[in-house]
Amino acid sequence: MKHPNSNKDHSNLKPSAKGLILPPLWSELISSRDLCRIIIDLKVKNNSYNEIIDFCARTLQLNLNKAEIRDLILFLGSRAKHLNGIYDTMVQTKTKILYLDEIFQGRNNCFLGCADSHSHYLFALEEIQNRSELIIRETINNMELDFENVQFVVTDGLPTYHQIVPLCFDAAHHVLCQVHAYRIILREQDEFHRAAEKAKSLYKDAQIALRTLRTVIHKKQQALWRKKRRHARVKQKQQEFNQKNGIKPYAKKAPWTPERLAFKVELNNLRMGIKSQTPTITRMQNQMLKLQQNLCQTTKEYQIKKQISLQTGRLVHQFHDLMKCEPQEYPTKRERFQRILAQSKYPIAKKITQFLVDHPELFVTKTRELEKLCPPTVATTNILENIFNIFRPFFTKARHFGDTDVSKALFEIARLWYNTSSPYTGPNYRQSPLERAGIHPHSTNYLDLLVPLNQKNDKICRILSKEKTRLYHQKARRGSRASIILARSKEMAVKRVNLN
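Every value quoted in this text rests on a predicted model; they were computed, and no experiment measured them. (Residues numbered from 1 in each chain as written. Predicted model: local features only at pLDDT ≥ 70, side-chain atom pairs only at ≥ 80, totals over all residues. Heavy atoms only, no water.)

*Asks:* Outline the overall build of the protein chain, supporting the account with residue identities and numerical values.
*Replies:* Scanning the protein chain from N- to C-terminus turns up 18 helices and 5 strands. In the protein chain, which comprises 500 residues, the proportion classed as buried is 41%. The long-range share in the protein chain, meaning contacts at least 24 apart out of those at least 6 apart in sequence, stands at 73%. Carbon and sulfur atoms provide 54% of the accessible area of the protein chain, an area that totals close to 30,600 Å². (Helix = DSSP H or I, 4+ residues; strand = E, 2+ residues; numbered from the N terminus. Buried < 20%, exposed > 50% of the residue type's maximum accessible area, 1.4 Å probe, protein only. Contact = heavy atoms within 4.5 Å. Areas by Shrake-Rupley, 256 points an atom, 1.4 Å probe, with all protein chains shown as cover.)

*Asks:* Got a sec to walk through the sheet that holds strand β2 (residues 110-116)? Specific residues and values, please.
*Replies:* Two pairing modes exist for strands in a sheet, parallel and antiparallel, and in both the strands are linked by backbone hydrogen bonds. A sheet is described by the order of its strands in space; here 5 strands give the open sequence β3-β2-β1-β4-β5, paired in mixed fashion. With one partner strand each, in any of the chains shown, β3 (122-128) and β5 (173-176) form the two edges of the open sheet. Geometrically, the sheet is characterised by an average inter-axis angle of 20 degrees between neighbouring strands, direction not taken into account. In the sheet, strand β4 (residues 152-155) pairs with β5 via 4 bridges, with the strands oriented parallel. Its bridge partner being in β5, T155 is matched across the sheet by L176. Contacts between helix α5 (residues 133-141) and the sheet are confined to β1 (97-104), β2 and β3, with β3 contributing the most and set at about 140 degrees to the helix. (Pairing = 2+ DSSP bridges. Axes fitted to C-alpha atoms, helices over the stretch in contact; angles between N-to-C directions.)

*Asks:* Tell me what's going on with the layout of surface pockets, and back it up with residues and numbers.
*Replies:* Counted as a void, the largest pocket has a volume near 920 Å³. If you trace the largest pocket, you find 31 residues lining it, with K81, E126, N142, K408 and E412 closest to the centre. Residue composition of the lining of the largest pocket, grouped by class: 10 nonpolar, 10 polar and 11 charged. (1 Å grid on protein atoms, 1.4 Å probe; cavity = no way out; pocket = protein on both sides within 12 Å on 5 of 7 lines; lining within 4 Å. Points joined across faces, edges and corners; volume = space filled by probe spheres on them. Nonpolar A, V, L, I, M, F, W, Y, C, P; charged D, E, K, R; others polar.)

*Asks:* Can you tell me about the pattern of salt bridges, naming the residues and giving the values?
*Replies:* Throughout the structure, instances matching the rule amount to 12 salt bridges. Among the ionic pairs, K351 bridges to E191, the shortest N-O distance being 3.1 Å. Taken together, the residues span a long stretch of sequence, with K351 in helix α10 (residues 347-358) and E191 in helix α7 (residues 178-245) at a distance of 160 residues. Accessibility expressed as a relative area gives 30% for K351, which makes it partly exposed. We classify E191 as partly exposed; its relative accessible area is 40%. (Salt bridge = Lys/Arg side-chain N within 4 Å of Asp/Glu carboxyl O.)

*Asks:* An account of the packing of aromatic side chains is needed here, citing residue identities and associated values.
*Replies:* By the definition in use, this model includes 15 aromatic pairs. Ring geometry for F111 versus F411: centroids 5.5 Å apart, planes at 40 degrees, classification tilted. Of this pair, F111 sits in strand β2 while F411 sits in helix α14 (residues 405-420), and the two are 300 residues apart along the sequence. What makes F111 buried here is its relative accessible area of 1%. In this structure F411 comes out as buried when scored by relative accessible area, which is 8%. Ring geometry for F391 and W417: centres 6.2 Å apart, planes at 75 degrees, overall edge-to-face. Of this pair, F391 sits in the loop between α12 (382-390) and α13 (392-401) while W417 sits in helix α14, placing them 26 residues apart in sequence. W417 carries the same exposure label as F391, and that label is buried. One aromatic cluster in this structure is built from F111, F388, F391, F394, F395, F411, W417 and Y418. The ring of Y49 has K43 lying over it, and the distance from NZ or CZ to the ring centre is 4.0 Å. (Phe/Tyr/Trp six-rings, centres within 6.5 Å; stacked < 30°, edge-to-face > 60°. Lys NZ or Arg CZ within 6 Å of the ring centre and 35° of its normal.)

*Asks:* Break down the environment of T89 for me, citing the residues and quoting the values.
*Replies:* Summarising the element assignment, T89 is placed in helix α4 (residues 66-92). The sequence separation of T89 and E144 amounts to 55 residues, and the corresponding C-alpha distance is 8.9 Å. From its side chain, T89 meets the backbone oxygen of G85 in a polar contact 2.8 Å long. (Polar contact = N/O pair within 3.5 Å; in protein donor to acceptor, adjacent residues only side chain to side chain.)

*Asks:* Before we move on, can you summarise a positive patch on the surface with the specific residues and values?
*Replies:* There is a patch of like positive charges on the surface, built from K200, K204, R211 and K306. Ranked by residue count, the leading element in the positive patch is α7, at 3 residues. Along the chain, K200 falls in helix α7. (Patch = residues over 30% accessible without salt bridge, like charges linked within 9 Å, V, L, I, M, F, W, Y side chains within 5 Å. Lys, Arg positive; Asp, Glu negative; His and termini not counted. Charge placed at Lys NZ, Arg CZ, Asp CG, Glu CD.)

*Asks:* Can you tell me about the confidence of the model for the protein chain, naming the residues and giving the values?
*Replies:* Predicted coordinates in areas of low pLDDT are best not read in detail. Summing up the model confidence of the protein chain, the mean pLDDT is 84 and the portion of residues at 70 or higher is 84%. Note that residues 16-20 has pLDDT below 50 and, in this model, 4 contacts with residues that lie over four places away or in other chains. Note that residues 475-482 has pLDDT below 50 and, in this model, 6 contacts with residues that lie over four places away or in other chains. (pLDDT = per-residue confidence, 0-100.)

*Asks:* Residue-level account of the packing of helix α9 (residues 330-343) against α10, with values.
*Replies:* Taken N-terminus to C-terminus, the directions of α9 and α10 make an angle of 140 degrees; their axes are 9 Å apart at the nearest point. When the axis of α9 is compared with that of α10, the two are oblique. Residues R334, F337 and L341 of α9 touch α10, and the partners they reach there are A349, I352, T353 and L356. Looking at the contact of α9 with α10 residue by residue, the classes come out as 5 nonpolar, 1 polar and 1 charged. (Parallel < 35°, antiparallel > 145°, perpendicular 65-115°, else oblique.)

*Asks:* Break down the side chain of Q277 for me, with residues and values.
*Replies:* Note on placement: Q277 falls in helix α8 (residues 258-324). The exposure class of Q277 is buried, given its relative accessible area of 16%. Not counting residues within four places of it along the chain, the set of residues in contact with Q277 comprises K220, A223, L224 and K227.

*Asks:* How would you sum up unusual backbone geometry? Please name residues and give values.
*Replies:* A negative phi angle characterises most non-glycine residues, just as the trans form characterises most peptide bonds. Phi at H120 is positive, roughly 65 degrees, even though this residue is not glycine. H120 gets classed as partly exposed once you look at its relative accessible area, which sits at 22%.

*Asks:* Talk me through the side chain of E412; I want residue IDs and the actual numbers.
*Replies:* Counting through the fold element by element, E412 comes out in helix α14. According to the relative accessible area criterion, E412 is buried, its value standing at 12%. Not counting the four nearest positions on each side in its chain, E412 is found in contact with G77, A80, K81, N84 and E126.

*Asks:* With reference to specific residues and values, describe α14.
*Replies:* The first and last C-alpha atoms of α14 sit 23 Å apart over 16 residues, in line with the 22 Å expected at 1.5 Å per residue. Among the 16 residues in α14, 14 count as buried, and that is most of the element. (Expected span 1.5 Å × (residues − 1).)

Here is the structure:
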């Protein structure tokens with residue numbers, strides 16, 4: 001058998017150094033524009049700066065910093081704001097019912113949301129300093145939209161909307177969200193329910209305390225009776241012993257035998273135990289009288305507060321039925337409910353009456369014509385609450401970065417992502433909010449709208465220029481290394497020929 005080095009079989013031949021192929025760098029496969037799309041998509045998917053930097057370093061062998069990512073967000077945020085303005089203008093002409101609501105993330109972070117009821121298109125998601133009338137009006141006016149065709153504006157129970165809606169939406173009806181209205185009444189009911197629960201807890205504690213004391217007194221009485229019976233038996237035995245030995249009662253000169261001393265010690269101990277337990281039982285019996293009086297008082301208070309809680313629940317249930325009733329039944333039920341409230345002696349009646357006076361917008365749609373346009377299932381801000389849940393990760397991190405230019409740009413990009421992306425599940429999983437509004441953009445991918453592939457942008461290409469320069473030098477070093485490997489392989493080939 002020939003030596004493998006001298007064998008001419010193709011399987012034993014080493015690859016030629018001239019055909020040495022180096023793995024390509026990522027810069028040869030991906031452009032700066034594609035890299036920007038990756039970074040923005042990672043940021044919209046709620047990745048932090050450090051997570052994005054770590055991803056680029058591990059997978060793409062690219063060293064980024066936070067400043068470069070912030071510059072990219074600011075640049076693309078301005079384009080997203082421009083696109084959002086175009087789409088807002090197109091959608092607002094088709095909006096009939098508009099939602100307004102706020103969400104708190106912590107004590108100091110408050111966001112105002114505005115969305116369309118039909119398409120779920122999000123018009124605004126702005127951070128506001130507070131919920132005053134001036135701030136909310138200014139935020140709505142900064143949207144620079146007319147909303148001429150809006151017929152209904154559904155809001156939460158914030159009192160400032162009474163003045164804001166007529167000023168910002170002239171021809172629209174102000175409708176109070178039924179869910180928020182019911183929450184407000186339930187919050188009022190909760191006060192009386194908690195009072196009843198507290199009274200019930202005191203009543204239970206008084207019962208347990210009285211029952212425990214009765215058990216202790218019974219045990220002490222049983223022990224006292226046993227000691228008395230024991231004292232009587234020992235006394236009888238002592239008398240029998242004295243009679244048998246001729247010892248007269250209370251004899252002082254009689255001899256003190258061990259038996260006589262044992263009787264004396266045992267009787268003394270029993271008398272001391274009886275003497276000490278008798279006043280203890282008497283004191284506990286007096287304490288039991290106080291606990292019985294306390295139990296009677298707590299029982300009476302519990303019954304009163306329980307009745308108030310039950311009657312409060314009945315009135316709240318009637319209020320809920322009034323919200324859900326049909327328009328033709330509403331006048332009769334409203335009049336009957338007001339009579340019940342006027343005759344009721346419970347505190348919740350006055351609060352519900354005042355609520356009906358302060359919020360007439362709750363029953364604006366209780367006519368056949370208006371209920372067809374805005375049914376009860378639509379007269380809630382649940383859709384906007386669901387949108388808030390989608391943006392919950394952004395709100396959570398908003399506690400740390402605050403209201404800055406970068407955060408505003410990021411929310412503009414996120415709003416474009418939401419309006420142009422279809423949900424993963426549900427009845428509308430194939431249509432984005434923009435498509436549901438009857439507007440079909442050139443692409444359903446928000447990245448194609450932000451960073452088009454068929455357009456050249458010098459600013460995007462310059463974002464990672466420093467990193468590109470470093471990679472070009474790295475490639476040059478790799479090329480020099482390949483030339484060294486090629487030269488060494490040639491030397492080995494020459495040595496092999498000389499040996500042969």
